[in-house]
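# Reading the structure
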Amino acid sequence: MVDFHCHLDLYPDHAGAIARRERDRVFTLTMTTTPKAFPRNKELTDRTTYVRAALGLHPQLVADRARELTLWKDYLPSTRYIGEVGLDAGRQYYRSFDEQKRVFGDILAACAEARDKILSVHSVRCAKVVLDMIDARLPVGTGRVVLHWFTGSASEARRAAEMGCYFSINAAMLRNERSAALVATLPRDRILTETDGPFTDGVSGNDGPADVRPARDGLAKLLGTGREEMDGILTGNLREVLS
Ligand code: MN
């Protein structure tokens, strides 16, 4: 199973959550929200087979943490995985939107220069701006983007797919009628599953397979595949993203 976007370091037992994901062979990309959290995440996942830690600077924290961009750049050479990064134009964060754009622009440019990074990207209420920035700063072939919890329009999703982006889908998206309708239009070779735990309902962090299964089962139902067929699709897509 695949959980391409979660926050294991925000669960009470961080090390235990990693150990259980490893035991149950759930391929897990665990985010950090600030670069300061990265070294501990990196240390705990240095010798794991299924769990990887991503280096992030969450757009919702940019207002307070923009200065940590220097630290983010210091850690960049030590990982292939970047996240959570992106933009959030929600009312609560809109005041920092210009600063978010500056930080995300720098992050994209640094990833393009470093090459071969895999990014998990947040794009709340600003899919167009996020895609414009990726288009301008991370040329095709210099990195891979996985759009996390994408809520843009169908035409924006089409544009993202044409740009080579992947989409990580969680169970909450599939429970939402509008969002599920959008997911149904995505190319099957671009979908992955995620939990975004602990920020989604019904995700305990204690049982990786149980946490990811609703997204996998929901996708199988929505797209009319069997569960095993869906596992094959997701594993194949994971292999492509990591290749
Ligand atoms: Mn997240």
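The paragraphs below set out a description of the structure included in this document. (Residues numbered from 1 in each chain as written. Predicted model: local features only at pLDDT ≥ 70, side-chain atom pairs only at ≥ 80, totals over all residues. Heavy atoms only, no water.)

### Comments concerning the sheet that holds strand S2 (residues 27-30)
If you trace the 3 strands from one edge of the open sheet to the other, you get S1-S2-S3, paired in parallel fashion. Each edge of the open sheet is held by one strand with a lone partner, namely strand S1 (2-6) and strand S3 (51-53). With direction set aside, neighbouring strand axes in the sheet form an average angle of 10°. Sheet topology places S1 next to S2; 3 bridges connect them, and they run parallel. Across the sheet, Asp3 pairs through a bridge with Thr28, a residue of S2. (Pairing = 2+ DSSP bridges. Helix = DSSP H or I, 4+ residues; strand = E, 2+ residues; numbered from the N terminus. Axes fitted to C-alpha atoms, helices over the stretch in contact; angles between N-to-C directions.)

### Remarks on the coordination of the manganese ion
The reference angle at a metal is 109.5 degrees if four donors form a tetrahedron and 90 or 180 degrees if six donors form an octahedron. Ligation of the manganese ion by protein atoms is provided by His5 (NE2), His7 (NE2), Glu84 (OE) and Asp196 (OD), these donors lying 2.2 to 2.4 Å from the ion. Binding-site remark: the manganese ion is held by donors from one chain whose sequence spacing is H-x1-H-x76-E-x111-D. Here Glu84 lies in strand S4 (residues 81-88) and His7 lies in the loop between S1 and helix H1 (14-23), a separation of 77 residues in the sequence. For Glu84, a relative accessible area of 1% translates into the label buried. (Donors = N, O, S within 2.8 Å, 3.2 Å for Na, K, Ca; no water. Buried < 20%, exposed > 50% of the residue type's maximum accessible area, 1.4 Å probe, protein only.)

### A few points about helix H6 (residues 127-137)
Turning to H6, its buried residues are Ala127, Val130, Leu131, Met133 and Ile134. With its buried residues spanning 160° around the axis, H6 presents them on a single face. (Arc of directions from axis to C-beta.)

### Remarks on unusual backbone geometry
For residues other than glycine, phi is negative in most cases, and the peptide bonds are mostly trans. The amide bond that connects Gly83 to the next residue, Glu84, takes the cis arrangement and shows omega of 10°. Between Gly197 and the following residue, Pro198, the backbone shows a cis peptide bond with an omega angle of 5°. A positive phi angle is found at Asp116, which is not glycine, with a value near 65°. Looking at the secondary structure, you find Asp116 in the loop between helix H5 (97-114) and strand S5 (117-124). The backbone phi angle of Asp196 is positive, close to 50°, even though this residue is not glycine.

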